[in-house]
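Given next are the chains, with one letter for each unit.
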Amino acid sequence: MQSATAPHPDEALLRPIEHPGKGFYILLSILSVILIFVGVIYFRQIVQGLGVTGLNQPVSWGFYIINFVFFIGISHAGTLISAILRLSKAEWRRPITRMAEVITAIVLAIGGLHPIIDLGRPDRVLHIFTSGRLQSPLLWDVASITAYFTASTVYLYLPLIPDIAILRDRGVRPRWLYEFLSWGWQGTEKQKKILERAINILMVLVIPIAVSVHTVISYIFAMTLQPGWHSTIFGPYFVAGAIFSGIAALLIVMIAFRKLFHLEAYLKPVHFSYLGSLLLVMSLIWFYFTFSEYLTGYYGHEPNEMRVFFYKFSGDFAPYFWAMILFNFVIPVALLSNRKTRTIPGVLVASVAVIIGMWLERLIIIVPSLANPRLPYPTGIYIPTFTEWMLFLGAVCVFILGFAVFARFFPIVSIWEIEEGRKESAQIVAKRVASYMPHLPEEPERPPSSNRPEGGPS
Amino acid sequence: MSRWGMVIDLQRCTGCGLCVIACKLENNVAIVGPEESEKGRTMLWMDLLAMEEDAGAHTRQRLVPRPCYHCDNPPCTKVCPVRATYKNKEGIVAQIFPQCIGCRYCMAACPYTVKSFNWYRPSWPQQLRKTCNPDVSVRPAGVVEKCTFCSHRLQLAREQAAAEGRELREEDYQPACAESCPAGAIAFGDLDRPDSTVSRWIRNPRVERFLEDLGTEPKVYYLREVD
């Protein structure tokens, strides 16, 4: 723990790992207590049956499926954003990518468990493997979520290796952990080349997988004949919504860690302004999709479609529907389109609004279609019970716990990428600009040695 | 091969609800009690739907018996992840209770909302326990169930016919609802045999099926009521 002689330039990133402090253990115990309680509640559901939820005959899907779609949606924060930023060689990505990737891994694990929580017979879940039908959209889900989870955990782990090696070399405890996970990383040229190659392959691979995941989740609904679900726009609509909520979650996490770990030197207002602009764009895209979806339904005026439409627009679900429009469109657009409010507090408010709004969107997509069956049944009312609220709380706690444990053992900002950025980004960017900018004055004020006319990454 | 189907004559139907009771007893459908029923968890394989008909100047309420429609193109079997529901060779949309994982996707996909879920372990009042039918398995908690056209009766009828060395006759296999209907409003039989009662009934001009435009091809027909 004391082997470092000269202070590391990124001391701020290493401190939480080398000197965890009391806060971590307090948080850990609070979360554990809550999670044990939630575990008991879930155990009761297993013993007694799904009757302990508020689900009923027309409304056969509720909180669990909403949270499934919601959490998997957030997972798009991560890997997708990090991959796109890396791919587009955005230099400002360096302090952000790690957090984004961690969100994906944790949230995918949480989201992926929700369908199992929702099963009436979780003991039979393996039937999906022994006698699964590939014709069922649920199987497509299993396949693509598994693929995404694998790809994104590897994509989280690979850029982590050099950082783990840094921790190993500083003798941070538990040594065996870093010894094992660093895989003999010495930072040789060859190792660097292989790592870079692997990251490049993965970041390209991860984008189509991420898009497929939420597309296929939307297919669960779109493949049925139910009014409000049977829509071709659902694939892209869900993907856009997922990226939207993902960026919001990423911003909240960034602001939280900036505050907790004092990362003001790493996460500058410019990062929040850039990501805030991205959130604004996604908000507009989300609104465009929502508008098209509902206008198409309304204009056709098919009676069953209209029952669901008015249930949302002016019926029982109107408060949620209009709250969704407020949280997903009005608030973020108002705050983020103005440079004066696109500050860190402004971005935080917009992100929290978007998270609430996107959760409401999932609720509004799932419940009203089920609550308005075509044949004249008594209309279903769905009121979630204590059990469902507790399991929701549990999911949020697992999210915080996952982050706390990760940040306790691994740097939350990629140290080696920051270091690399400090050394090379100015040159890389200068080279890149030189490669496409016409009539650039030959010699800017930097050392001229590396200023060849072409050959840099474009 | 037979193609089992049902025709319900709404002109004859009095809405007495005997089919509902007969079905419930025949198939050991759980009795959930008033509180659960209030939550919308009543289990009925045969239900009576209160439909409002717009007959010009006045609207009229009527009760329509609703079994599972055993679609020829069933939306529920398509989405099942584990083949716990499927259409068998004779057109009956069957449920395999020990295979069902309880994901309730089929419930969400059924445009007629006919499926019920065992939210708790099924139970019966003490007095009714002895009336349970030994031919029908009792479902565990956490699985989906629905009308099977009393397919256990088909099995028994087939064995009986084979033992007597004869063909299966129409009266050998009748589901509980058709058998119990005091008004004779429910006909059941083989849609592929032109001389069967159901085949004769569906040639009636009053014939209709629910939500036909969805293309699900239900095998339960109704004969519309006329004044």
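Just so it is clear, the model here is predicted, and its values are computed rather than measured.

Reading guide: rules and limits
Residues numbered from 1 in each chain as written. Chains lettered and ligands numbered in written order. Predicted model: local features only at pLDDT ≥ 70, side-chain atom pairs only at ≥ 80, totals over all residues. Heavy atoms only, no water. Helix = DSSP H or I, 4+ residues; strand = E, 2+ residues; numbered from the N terminus. Rg over C-alpha atoms; globule rule 2.2 N^0.38 Å. Buried < 20%, exposed > 50% of the residue type's maximum accessible area, 1.4 Å probe, protein only. Contact = heavy atoms within 4.5 Å. Axes fitted to C-alpha atoms, helices over the stretch in contact; angles between N-to-C directions. Parallel < 35°, antiparallel > 145°, perpendicular 65-115°, else oblique. Left-handed = near helix turned anticlockwise from the far one by under 90°. Nonpolar A, V, L, I, M, F, W, Y, C, P; charged D, E, K, R; others polar. Core = buried A, V, L, I, M, F, W, Y, C linked by side-chain atoms within 4.5 Å. pLDDT = per-residue confidence, 0-100. Buried area = accessible area lost by both parts, 1.4 Å probe. Salt bridge = Lys/Arg side-chain N within 4 Å of Asp/Glu carboxyl O. Polar contact = N/O pair within 3.5 Å; in protein donor to acceptor, adjacent residues only side chain to side chain. Pairing = 2+ DSSP bridges. Disulfide = S-S within 2.5 Å.

1. Re the overall build of chain A
For chain A, the count of helices and strands is 16 helices and 0 strands. Its C-alpha atoms give chain A a radius of gyration of 24 Å, near enough to 23 Å, the size a compact globule of 458 residues would have. The C-alpha extent of chain A, read off along each of the three principal axes, is 80 × 55 × 45 Å. The buried share of chain A, reckoned over its 458 residues, is 55%. Look at the contacts in chain A between residues 6 or more apart in sequence, and 81% of them connect residues 24 or more apart.

2. Some points on the packing of helix α6 (residues 137-157) of chain A against helix α9 (residues 189-222) of chain A
Residue and element names in this part refer to chain A. Where α6 contacts α9, the axes come no closer than 9 Å and their chain directions differ by 155°. Taken as axis vectors, α6 and α9 run roughly antiparallel relative to one another. Crossing of α6 over α9 shows left-handed handedness. Across the interface between the two elements, Pro137, Leu138, Trp140, Asp141, Ser144, Ile145, Ala147, Tyr148, Ala151, Ser152, Val154 and Tyr155 from α6 touch Ile199, Leu202, Met203, Val206, Ile209, Ala210, Ser212, Val213, Val216, Ile217, Tyr219 and Ile220 from α9. Tallied by class, residues from the contact of α6 with α9 come to 20 nonpolar, 3 polar and 1 charged.

3. Description of the nonpolar core
If you look at the biggest cluster of nonpolar residues, it comprises 204 residues, and the most contacted ones within it are Trp61(A), Met99(A), Phe221(A), Leu250(A), Leu263(A) and Ile412(A). Among the elements that take part in this core, helix α10 (residues 234-260) of chain A stands out by supplying 16 residues, more than any other.

4. Comments concerning the confidence of the model for chain B
For chain B, the average pLDDT comes to 91, and 99% of its residues sit at 70 or higher. Our summary of model confidence lists the complex with pTM equal to 0.91 and ipTM equal to 0.90.

5. So, the environment of Val211(A)
Take Val211(A): it is sitting in helix α9. C-alpha separation for the pair Val211(A) and Ser144(A), spaced 67 residues apart in sequence, amounts to 9.7 Å.

6. With respect to the interface of chain B and chain A
Taken together, the contact between chain B and chain A spans 49 residues of the former and 42 residues of the latter. Around 3,500 Å² of area is buried between chain B and chain A when both sides are counted, 56% of it from carbon and sulfur atoms. Our enumeration of links across chain B and chain A arrives at 1 salt bridge. A salt bridge links Arg104(B) to Asp118(A), with the nearest nitrogen and oxygen atoms 2.6 Å apart. Between the two partners, chain B and chain A, sit 35 residue pairs in polar contact (both at pLDDT 80 or more). Of all the secondary structure elements, the ones that give two or more residues to the side of chain B that touches chain A are β2 (47-55), α3 (75-79), α4 (105-109) and β6 (116-117) of chain B. Here the side of chain B that touches chain A is built from residues that sort into 31 nonpolar, 9 polar and 9 charged.

7. Looking at the pattern of salt bridges
All names here are of chain B. Taken as a whole and assessed by the stated rule, the structure comprises 31 salt bridges over all chains. Among the salt bridges present, the one from lysine 87 reaches aspartate 72, with a minimum N-O distance of 3.6 Å. Residue lysine 87 is located in strand β4 (residues 85-87), and its partner aspartate 72 is located in the loop between β3 (58-66) and α3; the two are separated by 15 residues in the primary sequence. Through salt bridges with shared partners, a single ionic network connects Arg3, Asp72, Lys87, Asp192 and Lys219.

8. Remarks on the side chain of Ser245(A)
Residue and element names in this part refer to chain A. In this structure, serine 245 sits in helix α10. Accessibility expressed as a relative area gives 1% for serine 245, which makes it buried. For serine 245, the side chain forms a polar contact with the main-chain oxygen of alanine 242, separated by 3.1 Å. Excluding anything up to four places from it in sequence, serine 245 contacts Gly73, Ile74, Val354, Ile355 and Met358.

9. So, the sheet that holds strand β10 (residues 220-223) of chain B
Note: strands within a sheet are paired through backbone hydrogen bonds, in either parallel or antiparallel orientation. Residues and elements named next belong to chain B. Sheet architecture is open: 4 strands sit in the order β8-β1-β10-β9, paired in mixed fashion. The open sheet is flanked by β8 (186-190) and β9 (207-208), the only strands paired with a single partner. Of the pairings in the sheet, the one linking strand β1 (residues 4-9) to β8 comprises 5 bridges and is antiparallel in character. When the sheet's bridge partners are listed, glycine 5 is paired in β8 with glycine 189.

10. A look at the state of the cysteines
All names here are of chain B. This model, assessed by the stated rule, comprises 0 disulfides over all chains. Not part of a disulfide, cysteine 147 finds its nearest cysteine sulfur in cysteine 68, a span of 5.4 Å. In this structure cysteine 177 is not part of a disulfide, and its nearest cysteine sulfur, from cysteine 150, lies 6.3 Å away. Cysteine 177 sits in the buried class, given a relative accessible area of 7%.

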